[in-house]
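Descriptive analysis of the structure
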Amino acid sequence: MTEQSSWMKEALALIGEKIAAMLMESREDFLIPAEKVANVGIRNTLEHALLVLTNAGYTVIPVLDEESRLRGILSIPAIIRAVTGVEAFDFDKLGDITVEEVMTTEFPVLKEDFELEMVLHLLVQHAFICITDEDGVLQGIVTRSELLKGTNRVAHVFESMYDITKKEESPIER
Ligand code: AMP
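Here is a short report on the structure shown in this document. (Residues numbered from 1 in each chain as written. Predicted model: local features only at pLDDT ≥ 70, side-chain atom pairs only at ≥ 80, totals over all residues. Heavy atoms only, no water.)

So, about the sheet that holds strand E6 (residues 128-132). Within the open sheet, the four strands sit side by side as E1-E7-E6-E5. Their pairing is mixed. Since the sheet does not close on itself, it has two edges, and those belong to strand E1 (31-33) and strand E5 (109-111), each with one partner. Here the average twist between neighbouring strands, direction ignored, is 35°. Strand direction decides the pairing type here: E6 and strand E7 (residues 138-143), joined by five bridges, are antiparallel. Each residue of the ladder has a partner; that of cysteine 130, found in E7, is isoleucine 141. (Pairing = 2+ DSSP bridges. Helix = DSSP H or I, 4+ residues; strand = E, 2+ residues; numbered from the N terminus. Axes fitted to C-alpha atoms, helices over the stretch in contact; angles between N-to-C directions.)

Structure representation (structure tokens):
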């Protein structure tokens, strides 16, 4: 990589300070607080979990332990896989398998002082990002749609708040 292209990469990798500040102003808006986040308990059965997921209308939700610590995420496909036999589904097994046996433990988690940069990066691959405190207690989630609402706002008001002049040499066009 040439020196110039590494400079370009750096310039493009960082979110502009003003844009980041505007987005972070609505941080409280795009963080859905834990009390509004549908979740299942680690010791619940898959039958209960499927009911919670269906009633909440989501395909993936966080899994918590008795102390509200984040332990995993559970998806409907993972539940279905757990009761899929060679030739048929065995839905009777739903009541015998616990959430803990099926949940995913590999997923991104950020602390409350998360960087916007990191959230945006992770949301490309994941539909939501869990935010916890230092003890791992779920504080809330940031979802694609909530962040998109904030981005929408920035896209609408940015030019009415700032005078923008085009640079002679823009890293994006080179
Ligand atoms: P959205 O960007 O609104 O489509 O949300 C992305 C994903 O985040 C959803 O598909 C759910 O898996 C999860 N999610 C959003 N809101 C909630 C909520 N209130 N409780 C639990 N999970 C949620």
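Further notes follow.
For side chains bearing opposite charge, pairing can occur when the charged atoms are close. Per the counting criterion, the structure on display carries seven salt bridges. Its salt-bridge partner being aspartate 65, residue arginine 71 comes within 3.3 Å of it at the nearest N-O pair. Given the relative accessible area of 37%, arginine 71 is considered partly exposed. Relative accessible area serves as the criterion here: at 8%, aspartate 65 is assigned to the buried category. One salt bridge in this structure joins glutamate 146 and lysine 149, with 2.9 Å as the shortest N-O distance. Here lysine 149 and glutamate 146 lie together in helix H8 (residues 144-161), a separation of three residues that amounts to about one turn. Residue glutamate 146 is classed as buried on the basis of its relative accessible area, which comes to 18%. The class for lysine 149 is exposed, based on a relative accessible area of 52%. Residues joined in a network through salt bridges with shared partners are Asp65, Glu67, Arg69 and Arg71. (Salt bridge = Lys/Arg side-chain N within 4 Å of Asp/Glu carboxyl O. Buried < 20%, exposed > 50% of the residue type's maximum accessible area, 1.4 Å probe, protein only.)

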